[in-house]
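Structural features, examined
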Amino acid sequence: MTQSSGDFTAMFRDLSQRHGLACTHQRQVIYQALVTAKDHPTPEAIYESVRARIPSISLGTVYKNIKTFLEAGMLNEVSLHHGSLRLDARLEPHHHLVCRVCRNIVDLDEPDVAPASYTGRLPRGFRLERQNVEFIGICASCAKQQSSLTT
Ligand SMILES: [Zn+2]
Ligand SMILES: [Zn+2]
């Protein structure tokens, strides 16, 4: 999928508007880095790629904007309990394949997973916002490395 930067600007302006955020150049560059990174990046990785375009930006500013995107619902945290923050700008429902060794995260499309639905009763007052299934395992390159260590 190729997307010209003009398309991205229009898309970002529209998305920001729908989520009630002011659309600034800085935010646009940060969000573009998030959308372009397909590997569920850490905030630090986003900072590195944004710095190539805005050399004067600070890590604190990148963190602050990422938090703003998360709060506005324009960005999701992949997992809230793995210790390090991993970001996901793909907003349509999907699931994740997670390597427990290298922490690589790969998207699984929603239709490839039997619908995850909770049929029990949610604890009182809990408001469900999204659901996502994590498949934990070992990726091919880690498995290869492990078997070469043991043999
Ligand atoms: Zn791995
Ligand atoms: Zn994802």
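Let us look at the structure shown here. These numbers come from a predicted model, not from an experiment. (Residues numbered from 1 in each chain as written. Chains lettered and ligands numbered in written order. Predicted model: local features only at pLDDT ≥ 70, side-chain atom pairs only at ≥ 80, totals over all residues. Heavy atoms only, no water.)

**Observations regarding the overall build of the chain**
Counting secondary structure elements, the chain contains five helices and five strands. With respect to the three principal axes, the spread of C-alpha positions in the chain is 50 × 45 × 30 Å. A burial count over the chain gives 30% of its 151 residues as buried. At a minimum sequence separation of 6, the contacts of the chain that also span at least 24 residues come to 50%. (Helix = DSSP H or I, 4+ residues; strand = E, 2+ residues; numbered from the N terminus. Buried < 20%, exposed > 50% of the residue type's maximum accessible area, 1.4 Å probe, protein only. Contact = heavy atoms within 4.5 Å.)

**Some thoughts on the coordination of the zinc ion (ligand 1)**
Around the zinc ion (ligand 1), the protein supplies C99 (SG), C102 (SG), C139 (SG) and C142 (SG) as donor atoms, at distances of 2.2 to 2.3 Å. Around the zinc ion (ligand 1) sit four donor atoms; with metal-centred angles ranging over 106 to 113°, the donor geometry is tetrahedral. Counting the intervening residues between successive donors of the zinc ion (ligand 1) yields the motif C-x2-C-x36-C-x2-C. Taken together, the residues C102 in the loop between β3 (94–99) and β4 (105–109) and C139 in the loop between β5 (134–137) and α5 (140–150) connect sequence positions 37 residues apart. (Donors = N, O, S within 2.8 Å, 3.2 Å for Na, K, Ca; no water. Tetrahedral: all angles 85-135°; square planar, octahedral: opposite > 155°, others 65-115°.)

**A short note on helix α3 (residues 43–51)**
Each turn of an α-helix holds 3.6 residues, which means side chains three or four residues apart point in the same direction. Here α3 has its buried residues at P43, I46, Y47 and V50. Down the axis of α3, the sector holding all buried residues measures 105°, keeping them to one side. Against α2 (25–36), α4 (59–72) and β2 (87–88) lie the buried residues of α3. (Arc of directions from axis to C-beta.)

**Quick notes on the coordination of the zinc ion (ligand 2)**
The protein atoms donating to the zinc ion (ligand 2) are H40 (NE2), D88 (OD), H94 (NE2), H96 (NE2) and D107 (OD), with metal-donor distances spanning 2.1 to 2.2 Å. Residue H94 is classed as buried on the basis of its relative accessible area, which comes to 7%.

**Here we look at the packing of aromatic side chains**
Applying the stated criterion to the full structure yields four aromatic pairs. The interplanar angle of 85° and the centroid separation of 6.3 Å between the aromatic rings of F12 and F69 together place this pair among those described as edge-to-face. Residue F12 is located in helix α1 (residues 5–18), and its partner F69 is located in helix α4; the two are separated by 57 residues in the primary sequence. With respect to class, F12 is no different from F69; both count as buried. (Phe/Tyr/Trp six-rings, centres within 6.5 Å; stacked < 30°, edge-to-face > 60°.)

**Examining the nonpolar core**
With 22 residues, the main nonpolar core has I30, Y31, L34, I46, V50, F69 and M74 as its most contacted residues. Going through the elements one at a time, α1, α2, α3 and α4 are the ones with two or more residues in this core. Counting residues per element, this core draws most heavily on α2, at five residues. Excluding residues that lie within four positions of it along the chain, I30 makes contacts with I46, V50, I57, V62, N65, I66 and F69. (Core = buried A, V, L, I, M, F, W, Y, C linked by side-chain atoms within 4.5 Å.)

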